[in-house]
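Remarks on the overall topology
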Amino acid sequence: MKPVKTSFILWLALLSTALQAQTENDLKLLDACKEEVSAINSMTLYKKQYIWGPVRENVGNLTIVDYRDIVMESSMIFYDAEKRIRKYIKTFNDPEGSGFSIYWFDADGYEVHSVFHIPWDRAGNQYAKKGKPVYLNMETINENYEIEEIIEQYGGETYVFHADSIKNRLYEPLKLDPGVDPKVTFSPPQAGDKTVTNVRRANVRKAPATDAERIKVIGLGSIVQILERAGDQWYRINLNGETGYIFGELLEPVEREVKKETEKLTSNH
């Protein structure tokens, strides 16, 4: 029986090595996805907006932190100069109560990353490369924002959990009118801005340092208001009346209209 046992142990060792190599490869793809997301967020884009319902023309611009007395969905689609969709934001008038989702696409139009927030139920974070899942985490939370379940998975063809939400997600280019659609850019938050966290867990601390006392941990999609920038990488934030500091890379860039920024700069000189 010894040869059989030895062969089994060898098989386990080879399997472990193969799984480790697969995980390392998935993590490399994950880093590549993050780089693509960062590049997309730094672009200057054109914006189109779609709002479901008959009062589409009367609503005006909505962002993921706006509040309007309507019960309908707002969708914002951002194009680069080649008229390819790069970022898609989908939200309701009350993001904290109704949720929102943000999707990013690479130069070929395929989804590379998405963040979505559904209060009281599930929140998650997922990365894909050319439509193939690379990394996923999902957590189930209750009405008290207590985590009841966490599911994480790295890549592989066997992925099935919510696979339909990211499998080959691709949006065809729509007609773009540069004369009507505003030109926007995504830039780091400034004092007074509201934005959302883009990681599953973000530490809020008493001071702008990784070794400072942790006040609380907030989940993916938490909406925070920027009070001020603290150095190069930290922000002092307001979270439901409580203040603290958060690392800047954990926050989403903020959408700004290029024309308005240009006018503002001109008026200051």
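Residues numbered from 1 in each chain as written. Predicted model: local features only at pLDDT ≥ 70, side-chain atom pairs only at ≥ 80, totals over all residues. Heavy atoms only, no water.

Our focus in this paragraph is the confidence of the model for the protein chain. Confidence along the protein chain averages 75 in pLDDT terms, with 63% of residues attaining 70 or more. No element of the protein chain has a lower mean pLDDT than helix H4 (residues 258-267), which averages 54, and none a higher one than strand E15 (residues 242-247), which averages 96. Per-residue pLDDT stays below 50 along residues 265-269; that stretch engages in 0 contacts with residues further than four places along the chain or on separate chains. (pLDDT = per-residue confidence, 0-100. Helix = DSSP H or I, 4+ residues; strand = E, 2+ residues; numbered from the N terminus. Contact = heavy atoms within 4.5 Å.)

Moving on: the packing of aromatic side chains. One pass over the structure, following the stated rule, counts 3 aromatic pairs. For the pair Phe-78 and Phe-186, a centre-to-centre distance of 5.1 Å together with 70° between the ring planes defines the contact as edge-to-face. With Phe-78 in strand E2 (residues 73-79) and Phe-186 in strand E9 (residues 183-187), the pair connects residues that are 108 residues apart, well separated along the chain. Taken together, a centroid distance of 6.0 Å and an interplanar angle of 25° make the contact between Tyr-88 and Tyr-103 stacked. (Phe/Tyr/Trp six-rings, centres within 6.5 Å; stacked < 30°, edge-to-face > 60°.)

Turning to the pattern of salt bridges, a few remarks are in order. Summed over the entire model, instances satisfying the criterion amount to 8 salt bridges. Between Arg-256 and Asp-193 there is a salt bridge; the shortest N-O distance is 2.6 Å. Taken together, the residues Arg-256 in strand E16 (residues 254-257) and Asp-193 in the loop between E9 and strand E10 (194-196) connect sequence positions 63 residues apart. Summarising the burial analysis for this pair, Arg-256 and Asp-193 share the class buried. Measuring nitrogen to oxygen at the nearest pair gives 2.9 Å for the salt bridge that ties Glu-228 to Arg-236. (Salt bridge = Lys/Arg side-chain N within 4 Å of Asp/Glu carboxyl O. Buried < 20%, exposed > 50% of the residue type's maximum accessible area, 1.4 Å probe, protein only.)

The next point concerns the pairing of strand E14 (residues 234-239). In this structure, strand E13 (residues 223-230) lies alongside E14, joined through 5 bridges in antiparallel fashion. Paired with Gln-225 across the two strands is Asn-238, which belongs to E14. Linkage of E13 to E14, two consecutive antiparallel strands, is achieved through a turn of 3 residues, within which Gly-231 is found at a positive phi near 80°. Two elements, E14 and E15, share 6 bridges in a ladder whose sense is antiparallel. Bridge pairing links Leu-239 to Glu-242 in E15. With antiparallel pairing between neighbouring strands as the criterion, E14 and E15 make up a hairpin whose turn holds 2 residues, including Asn-240 at a positive phi of roughly 55°. (Pairing = 2+ DSSP bridges.)

Time to look at the nonpolar core. Ranked by internal contacts, the top residues of the largest apolar core, which has 16 residues, are Leu-45, Phe-78, Ile-89, Ile-102, Trp-104, Val-112 and Val-196. Counting only elements with at least two residues in this core, the list comes to helix H1 (2-41), E2, strand E4 (100-105), strand E5 (111-118) and E9. By size, the runner-up hydrophobic cluster in this structure holds 11 residues, among which are Ile-218, Ile-226, Ile-246 and Leu-251. (Core = buried A, V, L, I, M, F, W, Y, C linked by side-chain atoms within 4.5 Å.)

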